[in-house]
Amino acid sequence: NEFNGKVFNSAINEHVKHTFQYPQALVEANLEAKVYTYIKVYTDGSIEYVGCKSGTHPLFEEEIKRILSTFKYKPFTHNNSEHSAIMVTYPVVFKL
């Protein structure tokens, strides 16, 4: 199966919904954000956190890393055999 961005987004959305925990310090500070996260998705289904758009509070980034550390996508093929991974930008919304 080739990589399908729509299927990937659906899978990661479901994972985030079940594992997301708003950092308490950010709740107390009343901070919200939409954090654009850069993820490398490998053909074996494993993922690697690459980074976030600059200007992100470190606690947002810490929670994103925690969420991603428990996510595994299904294996897929890539139409360009020279690459074993693709880069994905995924927005994580922190809203109180």
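These remarks concern the structure in this document.

Cut-offs used in this document
Residues numbered from 1 in each chain as written. Predicted model: local features only at pLDDT ≥ 70, side-chain atom pairs only at ≥ 80, totals over all residues. Heavy atoms only, no water. Pairing = 2+ DSSP bridges. Helix = DSSP H or I, 4+ residues; strand = E, 2+ residues; numbered from the N terminus. Expected span 1.5 Å × (residues − 1). Buried < 20%, exposed > 50% of the residue type's maximum accessible area, 1.4 Å probe, protein only. Arc of directions from axis to C-beta. Polar contact = N/O pair within 3.5 Å; in protein donor to acceptor, adjacent residues only side chain to side chain. Contact = heavy atoms within 4.5 Å. Axes fitted to C-alpha atoms, helices over the stretch in contact; angles between N-to-C directions. Phe/Tyr/Trp six-rings, centres within 6.5 Å; stacked < 30°, edge-to-face > 60°. Core = buried A, V, L, I, M, F, W, Y, C linked by side-chain atoms within 4.5 Å.

## So, the pairing of strand 2 (residues 47-52)
Within a regular strand, side chains alternate between the sheet's two faces. Here strand 1 (residues 33-42) pairs with strand 2 via 5 bridges, running antiparallel. In the sheet register, Lys 40 faces strand 2, and the bridge partner there is Glu 48.

## Observations concerning helix 1 (residues 5-19)
Here helix 1 is 15 residues long and its end C-alpha atoms lie 21 Å apart, about the 21 Å a rise of 1.5 Å per residue gives. Taken together, the buried positions of helix 1 are occupied by Phe 8, Ile 12, His 15, Val 16 and Thr 19. Each buried residue of helix 1 sits inside an arc of 100° when the element is viewed along its axis, so together they form one side. The exposed residues of helix 1 that point more than 90 degrees off its buried face are Lys 6, Lys 17 and His 18. With a side-chain oxygen positioned 2.9 Å from the backbone nitrogen of Lys 6, the residue opening helix 1 is Asn 4.

## Quick look at the environment of Glu 32
For Glu 32, the location among the structural elements is in the loop between helix 2 (24-28) and strand 1. If we ignore the near neighbours within four places in the chain, the residues touching Glu 32 are Tyr 22, Phe 60, Phe 94, Lys 95 and Leu 96. A polar side-chain atom of Glu 32 sits 2.8 Å from the main-chain amide nitrogen of Leu 96.

## Description of the sheet that holds strand 3 (residues 85-94)
Strand pairing in a sheet takes place through backbone hydrogen bonds and is either antiparallel or parallel in direction. Pairing is antiparallel in the open sheet, where 3 strands are placed in the order 2-1-3. Each of the sheet's edge strands pairs with one partner strand only, and the pair in question is strand 2 and strand 3. Taken over all neighbouring pairs, the strand axes of this sheet differ in orientation by 30° on average, direction set aside. Examined bridge by bridge, strand 1 and strand 3 share 10 bridges and lie antiparallel to one another. Bridged to Tyr 38 within strand 3 is Thr 89. The strands that helix 1 touches are strand 1 and strand 3; relative to strand 3, the one it contacts most, it runs at about 40°. Along the sheet face, helix 3 (residues 58-68) touches strand 1, strand 2 and strand 3 and points at about 170° away from the line of strand 2.

## Here's the deal with the packing of aromatic side chains
Overall, the coordinates contain 10 aromatic pairs when judged by the stated rule. Ring centres of Phe 3 and Phe 8 lie 5.6 Å apart, and the angle between their planes is 45°; on these two criteria the pair is classed as tilted.

## Here we look at the nonpolar core
Phe 8, Ile 12, Ile 39, Val 41, Ile 64 and Phe 94 are the most contacted members of the largest nonpolar core, which has 22 residues in total. Contributing elements (two or more residues each) for this core: helix 1, strand 1, strand 2, helix 3 and strand 3. In terms of residues, this core owes the most to one element, strand 3, which gives 5 residues.

Keep in mind these values describe shape, not function.
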